[in-house]
Amino acid sequence: MTTSKLNSTDPLGNGEASLPCSPDNKFSDSLTLFHSEKAVQELLQQTPIQHTDDHLIEFSEALRTVAKALKQAAEGKAFAQAEAAEWKRRFELERAQNQQLEHKGKSPGECNGDINAQQMENSTNQTMLRNEANEQSENCCTNGLCSHEILHDGETDSHAKAVQNKMMRKASFKLSWWCKGDISDQHKHDIVSFERGNITAAGRSSKQISLKWESNPQTVLVMTKPNSTSVQILCADMIRWMKEHKKLNIYVEPRVMGELLSESSYFNFVQTWKDEKEILSLHTKVDLVVTLGGDGTVLWAASMFKGPVPPIVSFSLGSLGFMTPFHSEQYRDCLDSILKGPISITLRHRMQCHVIRDAAKNEYETEEPILVLNEVTIDRGISSFLANLECYCDNSFVTRVQGDGLILSTTSGSTAYSLGAGGSMVHPQVPGILFTPICPHSLSFRPLILPEHVTIRVQVPFNSRSPAWASFDGKDRKQLAAGDALVCSMAPWPVPTACQIDSTNDFLRSIQDGLHWNLRKTQSVEGPRDL
Ligand SMILES: NC(=O)c1ccc[n+]([C@@H]2O[C@H](COP(=O)([O-])OP(=O)(O)OC[C@H]3O[C@@H](n4cnc5c(N)ncnc54)[C@H](O)[C@@H]3O)[C@@H](O)[C@H]2O)c1
Ligand SMILES: Nc1ncnc2c1ncn2[C@@H]1O[C@H](COP(=O)(O)OP(=O)(O)OP(=O)(O)O)[C@@H](O)[C@H]1O
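Residues numbered from 1 in each chain as written. Chains lettered and ligands numbered in written order. Predicted model: local features only at pLDDT ≥ 70, side-chain atom pairs only at ≥ 80, totals over all residues. Heavy atoms only, no water.

J.: How should the site of ligand 2 be read in this particular structure?
T.: Close to ligand 2 lie 15 residues, the nearest being Lys225, Glu253, Gly294, Thr297 and Ser319. Trp300 places a polar side-chain atom, nitrogen or oxygen, 3.2 Å from a nitrogen atom of ligand 2. For ligand 2, an oxygen atom lies 3.1 Å from a polar atom in the backbone of Leu320. Protein contact buries 70% of the 610 Å² of open area that ligand 2 shows by itself. For the shell around ligand 2, the leading source of residues is helix α10 (residues 295-303), giving four residues. (Near = heavy atom within 4 Å. Polar contact = N/O pair within 3.5 Å; in protein donor to acceptor, adjacent residues only side chain to side chain. Areas by Shrake-Rupley, 256 points an atom, 1.4 Å probe, with all protein chains shown as cover. Helix = DSSP H or I, 4+ residues; strand = E, 2+ residues; numbered from the N terminus.)

Given below as structure tokens:
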């Protein structure tokens, strides 16, 4: 006889009770039950309830309830054990019969009797199980459930097959995409069609994206890196060409307008803006943005647009150029084909960052959100103490950063500061947020990549020795005092950048050419070899 430990206490509360699990042990089950009740009775008798003390009466009632519950539990368990034993006995009997039949050269399916669906269903009925168990043991398949129907596939008659299909069908389900916080089902998409419960990816979220103009672009904004004579000369030449050969309207920043006009009054047709309000409406006027500079100029251009961003075409005039795939020497051919379209683009996700001050009365009282294309960094600034930052993901505590700080990066920014701090390089079209510590004072703080739909909160605790500092794409440093928090999530407005070939090709080329990724001389064939 085997016994199994159940997670229960004996009636007197003496730890785990050891209960028998075989049907042969119904007797010892009853014995246990008997002992339990007896123990409770004894306890009740010992209790001085004669002294009409209200508390003692209440206590004795409670004990009675416990005794009743224990009795019910023991009965239920004994019933379940009897049932399990019955199933096991039947299964073994059938297996023995099958073996006998196979010995005689008969297929087990031949012994199938006339079984109808009702009987099959009835056979699972517990009452029938108990009543018919003994009768059935001798005649396989004449009554109740035959395990051949479930265990053997294909050899039964069509009726039994239908019954079998009915019993084996998988539960159906549906997978869908939904937007967090979206109460209506407006943004819900079914992404998987299912048949018999098999999950199949219906589509990829990050396909190569192609932009096709439906009407000709008419207005171009040109943005340039400051303090560079070569950029200034190229800018003037490009604007002239776009006006004369493409009849385009041109916008530039006020600084560039001054530079152009100081060169010649010819550039009077170029437009600019006077104040912030006009900048906010730029996206409604501009069809295309052209940048002349390095990655910093692309970041600068993106930061001008606090909402939707027009497609950006970036000419490389810097040292690295991860986001600047076009060569300025061939700008005419390049702009020619871009203005015609279609263009391959990379949709670069941005993060929106809210600084929430401890002094704010509620979570909605925030400063203007700041959009970043690369990353937001929370660091110790000029303080010589460790930064102490509490990090939460969707309101669950994640970890405490103790070190120089933390980088929350987009996948576009994965090749920038996050890379320098040991984060992975991620294709810009992979949706996600990189969680990269800066010089953590811990041996096990590996960088993470979180899904794009999460909201991350970084809080400066009240016991922090110094304030922290947040910076956005390497700019706009803001102090975070004790109790202040920075809340980041993906922004709804990505930055579409034109690709030279396509997003994957451009990304791989930039890590190879820009960072010399995995550059190593190839080993010569001469030398020792495995034969
Ligand atoms: N230790 C570091 O690696 C470190 C430190 C500070 C800032 N930065 C990066 O500099 C960025 C600001 O750039 P900037 O040009 O205004 O400042 P910058 O003039 O100091 O140049 C920073 C360098 O980072 C490169 N860079 C920028 N974005 C990149 C990207 N997405 N992928 C690969 N390289 C990229 C630029 O080409 C440039 O060479 C910040 O967003 C931050 O990522 C890196
Ligand atoms: N239009 C602009 N107005 C003000 N600042 C700008 C503008 N364009 C770029 N910057 C700033 O100028 C700096 C240098 O720009 P960028 O990275 O484009 O050139 P770079 O440093 O020569 O290139 P690289 O970083 O590849 O060597 C960056 O900090 C960027 O933010």
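J.: Is there a simple way to think about the pairing of strand β15 (residues 387-393) in this case?
T.: The two faces of a sheet get side chains in turn, since along a regular strand they alternate between them. Of all seven residues in β15, seven are buried; the element is thus mostly enclosed. Burial of the side chains of β15 extends over both faces: Ala387, Leu389, Cys391 and Cys393 are buried on one face and Asn388, Glu390 and Tyr392 on the other. As paired strands, β15 and strand β16 (residues 396-409) are joined by seven bridges and run antiparallel to one another. Residue pairing in the sheet places Cys393 in a bridge with Ser396 of β16. Taking the residues between adjacent antiparallel strands as the criterion, β15 and β16 are bridged by two residues, where Asp394 takes a positive phi near 45°. Here β15 pairs with strand β19 (residues 456-459) via four bridges, running antiparallel. (Buried < 20%, exposed > 50% of the residue type's maximum accessible area, 1.4 Å probe, protein only. Pairing = 2+ DSSP bridges.)

J.: When you look at the packing of helix α7 (residues 229-246) against helix α11 (residues 331-340) in this model, what are you seeing that I'm missing?
T.: To describe two helices that pack against each other, one gives the angle between their axes and the distance between the axes. Contact geometry of α7 with α11 gives a least axis separation of 11 Å together with a crossing angle of 45°. By the angle class used here, α7 and α11 are oblique. Here α7 runs over α11; the crossing is right-handed. Contacts between α7 and α11 involve Leu234, Asp237, Met238, Trp241, Met242 and Lys246 on the former and, on the latter, Tyr331, Arg332, Leu335, Asp336 and Leu339. (Axes fitted to C-alpha atoms, helices over the stretch in contact; angles between N-to-C directions. Parallel < 35°, antiparallel > 145°, perpendicular 65-115°, else oblique. Left-handed = near helix turned anticlockwise from the far one by under 90°. Contact = heavy atoms within 4.5 Å.)

J.: In this structure, what is going on with the packing of α7 against helix α8 (residues 254-263)? I would like to understand it.
T.: Direction vectors running N to C along α7 and α8 enclose 80°, while the axes themselves pass 11 Å from each other. When the interaxial angle is binned, α7 and α8 end up roughly perpendicular. Residues Gln232, Cys235, Ala236 and Ile239 of α7 lie in contact with α8, whose contacting residues are Val256, Glu259, Leu260 and Glu263. Here the contact of α7 with α8 is built from residues that sort into five nonpolar, one polar and two charged. (Nonpolar A, V, L, I, M, F, W, Y, C, P; charged D, E, K, R; others polar.)

J.: Explain the environment of Val495 to me, please; I cannot follow it from the model alone.
T.: Along the polypeptide, Val495 turns up in strand β23 (residues 495-498). C-alpha of Val495 to C-alpha of Ala301: the two residues are 194 residues apart in sequence and 9.8 Å apart in space. Ignoring sequence-local partners within four residues, the contact set of Val495 consists of Ala302, Val309, Ile312, Thr346, Leu347, Arg348, Arg350 and Leu373.

J.: Can you help me understand unusual backbone geometry in this one?
T.: Among all residues save glycine, negative phi is the norm, and among peptide bonds the norm is trans. In this structure, Pro342 follows Gly341 across a cis peptide bond, with omega equal to -10°. Along the chain, Pro342 turns up in the loop between α11 and β11 (343-348). One non-glycine residue, Asn395, lies in the positive phi region at around 75°. With respect to the helices, strands and loops of the structure, Asn395 is situated in the loop between β15 and β16.

J.: Looking at this model, I keep getting lost on the side chain of Arg350. Mind explaining?
T.: By the secondary structure assignment, Arg350 is in the loop between β11 and β12 (351-356). Buried charge without a salt bridge: Arg350, with Asp473 as the nearest opposite-charge side chain at an N-O distance of 7.4 Å. Within the local environment of Arg350, its side chain forms a polar contact with the backbone oxygen of Ala302, the two atoms lying 3.0 Å apart. Of note is the side chain of Arg350, whose polar atom sits 2.9 Å from the backbone oxygen of Gly307. (Lys, Arg positive; Asp, Glu negative; His and termini not counted. Salt bridge = Lys/Arg side-chain N within 4 Å of Asp/Glu carboxyl O.)

J.: Please explain α7 as it appears in this structure.
T.: An α-helix turns once per 3.6 residues; consequently, residues spaced three or four apart project the same way. In this model, α7 (18 residues) spans 25 Å end to end at C-alpha, consistent with the 26 Å of a helix rising 1.5 Å per residue. Looking only at α7, the buried set comprises Val231, Leu234, Cys235, Ala236, Met238, Ile239, Trp241 and Met242. Positive phi appears at Lys247, one or two residues downstream of α7, with a value of about 55°. (Expected span 1.5 Å × (residues − 1).)

J.: Just checking my understanding: could you explain the site of ligand 1 for this structure?
T.: Lining the immediate environment of ligand 1, one finds 15 residues, of which Asp295, Asn374, Glu375, Thr415 and Ala416 sit closest. Between ligand 1 and Asp295, the relevant distance is 2.8 Å, taken from an oxygen atom to a side-chain nitrogen or oxygen of the residue. Between ligand 1 and Tyr417 there is a distance of 3.0 Å, counted from an oxygen atom to a backbone nitrogen or oxygen. In the complex, 63% of the free accessible area of ligand 1, which totals 770 Å², lies under the protein chains. It is α10 that contributes the most residues to the shell around ligand 1, three residues altogether. Across the shell around ligand 1, the residue classes break down as six nonpolar, five polar and four charged.

J.: Would you take a moment to explain the pattern of salt bridges for this structure?
T.: Two side chains bearing opposite charge may form a pair once their charged atoms approach each other closely. With the rule as written, the count across this model stands at 10 salt bridges. With its nearest N and O atoms 3.7 Å apart, the salt bridge here joins Lys340 to Asp336. Here the residue Lys340 and the residue Asp336 both occupy positions in helix α11, the gap between them amounting to four residues, near one helical turn. Under the relative-accessibility criterion, Lys340 is labelled exposed at 61%. Connected through salt bridges with shared partners, the residues Lys246, Asp336 and Lys340 form a single ionic network.

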